[in-house]
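Observations on the three-dimensional arrangement
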Amino acid sequence: MISARITGFRAAQGRSWFLPSFLVLLFLSWSWAFASPIAAIPDEPAHVTKAAAVARGQLGGTQVGTDGPLLAVDVPRYIRYVDAMTCFARHLDKTPTCAPNLDGDPNDTVKALTTAGLYNPIYYAIVGWPSLAASGFPAVYVMRFVSALLSSFFLAAAFSAVSQLRRNKWALITLSGAITPMILFLNGSVNPNSLEYATTAAIAANLLLLLQKSSSERLPILPIAITTAAAALLANTKALSLVWLLIVVLAVMVTATGVQLKRLAKTPAVLAGAGVIALACAFAVRWIVRHDSLSSKPFEGAGLEPADGVEIMLDKTFSHMIGWIGQFGWLELDAPVGVLAFWMAIIFVTTFSVLLFTRGRARIAALLLALSLIVLPMALQAQVISEQGIIWQGRYILALFVPFMLMAGFALDRSLAGQIPAPGRRALGAVVNIAVAAQIITFVWVLRRYTTGLSLDVRWGDMLGAPEWQPPLGIVGVVVIFSATSVVAAVLLKRHINSPDGLLAAGNTTEPVSAGSACAYPADRTTDHA
C-alpha cells in the first residue's frame with residue numbers, strides 16, 4: 001500500500017512539473033525570440049530559407065558553384081531578404097537599422113541561397129509552415145515560436161520524467177543548472193541545434209524513468225512514447241545527431257541492471273518504439289549518404305593534419321565552454337565575464353561532486369558523458385580538418401552537455417540519501433538567486449547590443465533614451481516578461497530545494513527518509529540501483 005501511494009504521488013508530481021516547466025521555458029524562449037533581431041542568430045538566414053523551401057515541397061535545391069554546399073531554392077522575397085539583414089552581424093557597433101530596404105513585393109517568389117540545403121528536412125518541415133500562413137517578419141517570428149514550442153516541450157518532458165524518479169532532489173537541480181542563457185537564446189531561434197539538446201535530455205530522463213519502473217507490472221506508455229518521438233526526431237535533426245543518440249542511450253544503459261534491460265526488451269510497447277526509432281535512424285542514414293549532409297565549404301585550417309586538429313581542439317577545450325553558457329549573435333558577443341565565471345563554477349562543481357561523492361553505475365554513466373564532452377570535439381574535428389578546416393563551435397556539443405548535467409544529478413541522488421542540511425539549502429537558494437540575476441543581466445546585455453550597438457560613445461541610458469532598434473514588444477516589455485518568468489522559475493526551484501524530500505532511502509525500502517535527517521555523507525553502502 002505504501003509503495004502504491006508513493007508511485008501514485010510520483011506520477012502526479014511528474015504531471016505537476018511538466019506544465020510549469022513548459023510554460024517557464026516557453027516564455028523565456030519567446031522572450032529571446034523577440035529580443036533577437038531577425039538574422040541575429042548563427043546561420044539563421046540559411047535555416048529560415050531552408051524551412052520556407054521545405055514547407056513549399058523543396059527538400060533540396062540546385063547546387064550553385066563548387067565551393068561547398070550552396071543551394072538555390074524558390075521562396076518568397078521576404079525570406080531572401082533575411083540574408084540581406086546580416087549587415088550588423090560580427091559588428092558590435094552596428095544595429096539592425098543598417099539593413100537595406102526591401103524592394104518589390106515581399107510575397108513574390110524569387111531565388112534564394114542556403115548553405116543548409118543538404119540538411120535533413122524533418123525539423124524544417126515542422127518549423128517552416130508559418131511561412132505559408134503569414135508573410136513578412138511576422139512569419140519569421142512565428143517560425144521561431146514554433147521551434148521554441150518544440151524544444152520547450154521536450155525539455156519539459158525531461159523535467160517531468162526526472163521528477164517521477166524515486167530520488168530526484170539533485171537531478172532536478174543540476175538539470176535546471178543546464179538551462180544556461182545559451183540554451184534559451186537558441187530556443188528562441190530557427191536553428192536545429194535547439195532540438196538536439198532538448199531531445200537528448202528527454203531521451204535520457206525518460207529512459208531512466210523506464211528503467212526504474214521496469215519492475216512494475218505495467219510500464220507507463222507516456223515515457224515510451226516521448227522517448228520514441230524524441231529519438232526519431234533527434235536522429236533526423238542534423239548529421240551528427242545519430243552520434244548524440246548513440247552516446248546518450250549508451251550512458252543510460254550503463255546505469256541499468258541485466259534484469260531491467262530484459263524486462264524492457266520483453267515489453268511490446270518498448271519493442272514497437274524501438275522499431276520506430278530504427279526506421280527513423282535508417283531514414284537519417286539514407287539521407288546523409290544520398291545528400292552528403294556532412295559536407296562543408298573549407299574554412300581556416302583546411303589542409304592541416306588530424307593530429308593538428310586534436311591539438312587545436314585540446315587548446316580550445318575551456319574556451320569552447322563559452323558556447324555552452326553564452327555566445328551570442330554570430331559569435332561576436334560573449335556573456336558578461338561574471339556570468340561565464342559563475343556558470344563555469346556550476347559546471348566544475350557538478351563534475352567534481354560526481355568524482356567525490358558518487359559511486360556505482362550512475363557514476364560511470366556521468367563520467368562517460370563528461371569524457372565525451374572533451375574527447376568527441378577533438379575526434380570529430382580531427383576527422384574533417386584536412387578538407388573543411390576548423391569548423392567546431394562550443395554549442396555543437398550542447399546535445400551532450402544537458403544530459404551530462406542531468407546524469408550528474410542522477411548519480412548524486414543514487415549516492416546521497418536524506419534531506420539537504422539547512423546550510424546547504426540556504427547556499428543553493430543563494431545560487432538560484434545569482435543564476436536568475438545572471439540570466440537577466442545577460443538578456444539585457446545582449447538586448448543592449450542590438451538596440452544601440454556597443455562602442456565607446458554609447459551609454460546605458462541610450463538604450464531607453466535613444467535606441468536605434470527595438471524588439472516588437474518594446475525594450476521594457478521583453479525585459480519585464482523575461483525577468484518575471486525568471487523569478488517564477490526561481491521560486492519553483494527553491495520550493496523544490498526546500499521541500500521535505502519524501503524520497504525513498506537507499507536500497508529497496510519503501511519507507512521515506514525522515515525530513516530531519518542530514519544528507520548522508522559518506523553515502524550509504526547499499527546496492528546502487530538505477
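Note that this is a predicted model, so its numbers are computed, not measured.

Looking now at the overall build of the protein chain. The secondary structure content of the protein chain amounts to 21 helices and five strands. Compactness check: the protein chain gives a C-alpha radius of gyration of 23 Å against a globular reference of 24 Å for 530 residues, within 12% of the reference. With the principal axes as the frame, the protein chain shows a C-alpha extent of 70 × 55 × 50 Å. In the protein chain, which comprises 530 residues, the proportion classed as buried is 57%. A fraction of 82% describes how many contacts in the protein chain between residues 6 or more apart in sequence connect residues 24 or more apart.

What follows covers the pairing of strand E3 (residues 109-114). A one-sided burial pattern is seen for E3, the buried positions being Val110, Ala112 and Thr114 and the unburied ones Thr109, Lys111 and Leu113. The sheet contact formed by strand E2 (residues 71-76) and E3 spans six bridges and is antiparallel. Note that in E3 the partner of Leu71 across the bridge is Thr114.

Looking now at the state of the cysteines. Taken as a whole and judged by the stated rule, the model has one disulfide. Between Cys87 and Cys98 runs a disulfide, and the two sulfur atoms are separated by 1.8 Å. Between Cys87 and Cys98, the disulfide has an S-S torsion of 95 degrees and is therefore right-handed. Pair noted here: Cys87 is in the loop between helix H3 (77-84) and E3 and Cys98 is in the loop between H3 and E3, with a separation of eleven residues, a long-range link.

Turning our attention to the pairing of E2. Counting buried positions along E2 yields five of six residues, so the element is predominantly enclosed. Sheet topology places strand E1 (residues 62-63) next to E2; two bridges connect them, and they run antiparallel. Note that in E2 the partner of Thr62 across the bridge is Ala72.

As a further point, take the sheet that holds E1. In space, the three strands of this open sheet follow the order E1-E2-E3, with antiparallel pairing throughout. Only two strands of the sheet have a single neighbouring strand rather than two, namely E1 and E3.

Every α-helix winds through 3.6 residues per turn, so residues three or four apart in the chain are directed the same way. In a regular helix each residue adds 1.5 Å, so 31 residues correspond to 45 Å; helix H19 (residues 422-452) covers 45 Å between its end C-alpha atoms and thus fits that length. Immediately beyond the C-terminal end of H19, within one or two residues, lies Gly453, with a positive phi of roughly 80 degrees.

With that settled, the discussion passes to the packing of aromatic side chains. Enumeration according to the criterion identifies 23 aromatic pairs in this entry. Seen in terms of ring centroids, Phe34 and Tyr141 are 6.0 Å apart; in terms of plane orientation they differ by 35 degrees. Their pairing is tilted. Placement of Phe34 in helix H1 (residues 2-35) and of Tyr141 in helix H6 (residues 137-163) is noted, with a sequence separation of 107 residues between them. Each of the two residues, Phe34 as well as Tyr141, counts as buried. Ring centres of Phe318 and Phe348 lie 6.0 Å apart, and the angle between their planes is 55 degrees; this geometry places the pair in the tilted category. Pair noted here: Phe318 is in the loop between helix H14 (306-315) and helix H15 (322-325) and Phe348 is in helix H16 (residues 337-357), with a separation of 30 residues, a long-range link. Residue Phe348 is classed as partly exposed on the basis of its relative accessible area of 32%.

We now examine the side chain of Asp413. By secondary structure assignment, the location of Asp413 is in helix H18 (residues 398-415). The side chain of Asp413 sits in the buried core without any salt bridge; Arg414 is the nearest counter-charge, 5.1 Å away. At a separation of 2.8 Å, a polar atom in the side chain of Asp413 contacts the main-chain amide nitrogen of Trp170. With sequence-adjacent residues up to four places away left out, Asp413 is seen in contact with Arg167, Asn168, Lys169, Trp170 and Ala171.

Now for the confidence of the model for the protein chain. In this model, the protein chain carries a mean pLDDT of 89, and residues with pLDDT of at least 70 account for 91%. The weakest mean pLDDT in the protein chain belongs to H1 at 76; the strongest belongs to helix H8 (residues 181-187) at 98. In the predicted structure, residues 1-9 sits below a pLDDT of 50 and forms six contacts with residues beyond four places in sequence or in another chain. Every residue in residues 502-530 scores below 50 in pLDDT, and together they form 76 contacts with partners more than four places removed in sequence or on other chains.

When the terminal C-alpha atoms of H6 are compared, their 39 Å separation across 27 residues agrees well with the 39 Å that a helix rising 1.5 Å per residue should span. Counting buried positions over the 27 residues of H6 gives 22, a clear majority of the element.

Okay, unusual backbone geometry next. Positive phi outside glycine occurs at Ala39, with the angle close to 75 degrees. By the element assignment, Ala39 lies in the loop between H1 and helix H2 (44-55). Of note in the backbone geometry, Arg90 takes a positive phi value of approximately 70 degrees without being a glycine. Structurally, the position occupied by Arg90 is in the loop between H3 and E3.

Definitions and cut-offs
- Residues numbered from 1 in each chain as written.
- Predicted model: local features only at pLDDT ≥ 70, side-chain atom pairs only at ≥ 80, totals over all residues.
- Heavy atoms only, no water.
- Helix = DSSP H or I, 4+ residues; strand = E, 2+ residues; numbered from the N terminus.
- Rg over C-alpha atoms; globule rule 2.2 N^0.38 Å.
- Buried < 20%, exposed > 50% of the residue type's maximum accessible area, 1.4 Å probe, protein only.
- Contact = heavy atoms within 4.5 Å.
- Pairing = 2+ DSSP bridges.
- Disulfide = S-S within 2.5 Å.
- Expected span 1.5 Å × (residues − 1).
- Phe/Tyr/Trp six-rings, centres within 6.5 Å; stacked < 30°, edge-to-face > 60°.
- Lys, Arg positive; Asp, Glu negative; His and termini not counted.
- Salt bridge = Lys/Arg side-chain N within 4 Å of Asp/Glu carboxyl O.
- Polar contact = N/O pair within 3.5 Å; in protein donor to acceptor, adjacent residues only side chain to side chain.
- pLDDT = per-residue confidence, 0-100.

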